[in-house]
Amino acid sequence: MHRIDSPDAPPADQTSYDDFAKVDIRAGTVIAVEPFPEARKPAWRLAIDFGPAVGVRKSSAQITDLYGRDDLVGRKVMAVVNFPPRQIGPMRSEVLVLGFPDAQGRIVLAAPTGEVPDGARLA
């Protein structure tokens with residue numbers, strides 16, 4: 001049995017474009033990074049600016065293996081902004097930051113490679 005995030009996992013079940021379009025994935029800029037010692041696995045608390053329509057949202061991200069505080073502040077990231085908030089220990093995570101596991105299982109952030117404004121929606 002393969003984990004769903006394994007490169008050897010088969011494709012997920014087919015979905016419709018309409019269902020995919022319901023997932024609101026936006027670009028944002030990390031504006032603050034704080035340690036999150038209460039998390040079960042090492043993580044950062046992030047504040048991400050998604051522009052005027054979405055605003056600044058908080059998230060917890062288990063990305064400490066590859067990214068330090070200085071690597072993250074000012075960095076563009078992609079996140080799902082319309083999932084319900086999730087309580088993670090003492091913090092309320094408001095968005096799901098996106099990434100891919102590398103060969104060691106560390107999360108590599110998904111991000112636009114060109115300049116896009118904060119709040120740009122994945123098209």
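As a starting point, this report considers the structure included with it. Note that this is a predicted model, so its numbers are computed, not measured.

## A look at the sheet that holds strand S7 (residues 96-97)
Within the open sheet, the 5 strands sit side by side as S3-S2-S1-S4-S7. Their pairing is antiparallel. Pairing within the sheet leaves two strands with one partner each, and these edge strands are strand S3 (56-61) and S7.

## Brief notes about the pairing of strand S4 (residues 76-80)
Most of S4 is tucked away, with 5 of its 5 residues classed as buried. The side-chain alternation of S4 yields two buried faces, one formed by Lys76, Met78 and Val80 and the other by Val77 and Ala79. Where strand S1 (residues 25-35) lies against S4, 5 bridges are found, and the strand directions are antiparallel. Paired with Arg26 across the strands is Ala79, a residue of S4. Across 2 bridges, S4 lies against S7 in antiparallel orientation. What sits directly across from Ala79, in S7, is Val97.

## Some remarks on the layout of surface pockets
The calculated volume of the largest pocket comes to roughly 1,400 Å³. Taken together, 41 residues form the lining of the largest pocket, with Asp5, Gln62, Leu96, Val97 and Ile107 sitting closest to its centre. Among the secondary structure elements, those contributing two or more residues to the lining of the largest pocket are S3, strand S5 (86-88), S7, strand S8 (99-101) and strand S9 (107-109). Here the lining of the largest pocket is composed, by residue class, of 22 nonpolar, 10 polar and 9 charged.

## Here's the deal with a nonpolar patch on the surface
On the surface, a cluster of nonpolar side chains totalling about 340 Å² of accessible area is made up of Tyr17, Phe20 and Leu122. Inspection of the secondary structure puts Leu122 in the segment after S9. For Leu122, a relative accessible area of 42% translates into the label partly exposed.

## Structural notes on the packing of aromatic side chains
With the rule as written, the count across this model stands at 1 aromatic pair. Taking 6.2 Å as the distance between ring centres and 50 degrees as the angle between the ring planes, the aromatic pair formed by Tyr17 and Phe20 counts as tilted. With a gap of 3 residues between them, Tyr17 and Phe20 both fall in helix H1 (residues 17-21), about one helical turn apart.

## As for the nonpolar core
The biggest cluster of nonpolar side chains holds 17 residues, and the ones touching the most others in it are Leu46, Ile48, Ile63 and Leu72. Of all the secondary structure elements, the ones that give two or more residues to this core are S1, strand S2 (44-49) and S4. Other than its neighbours up to four places away in sequence, Ile63 contacts Trp44, Leu46, Leu72, Ile107 and Leu109.

## Concerning the side chain of Thr29
Relative to the helices and strands, Thr29 is located in strand S1. Since its relative accessible area comes to 14%, Thr29 is described here as buried. Sequence-distant contacts of Thr29, defined by excluding residues within four places in its chain, comprise Ala47, Ile48, Asp49, Gly74, Arg75, Lys76 and Asp118.

Rules used in this analysis
Residues numbered from 1 in each chain as written. Predicted model: local features only at pLDDT ≥ 70, side-chain atom pairs only at ≥ 80, totals over all residues. Heavy atoms only, no water. Pairing = 2+ DSSP bridges. Helix = DSSP H or I, 4+ residues; strand = E, 2+ residues; numbered from the N terminus. Buried < 20%, exposed > 50% of the residue type's maximum accessible area, 1.4 Å probe, protein only. 1 Å grid on protein atoms, 1.4 Å probe; cavity = no way out; pocket = protein on both sides within 12 Å on 5 of 7 lines; lining within 4 Å. Points joined across faces, edges and corners; volume = space filled by probe spheres on them. Nonpolar A, V, L, I, M, F, W, Y, C, P; charged D, E, K, R; others polar. Patch = residues over 30% accessible without salt bridge, like charges linked within 9 Å, V, L, I, M, F, W, Y side chains within 5 Å. Areas by Shrake-Rupley, 256 points an atom, 1.4 Å probe, with all protein chains shown as cover. Salt bridge = Lys/Arg side-chain N within 4 Å of Asp/Glu carboxyl O. Phe/Tyr/Trp six-rings, centres within 6.5 Å; stacked < 30°, edge-to-face > 60°. Core = buried A, V, L, I, M, F, W, Y, C linked by side-chain atoms within 4.5 Å. Contact = heavy atoms within 4.5 Å.

It is worth stressing that arrangement in space is one thing and function is another; only the former is reported here.
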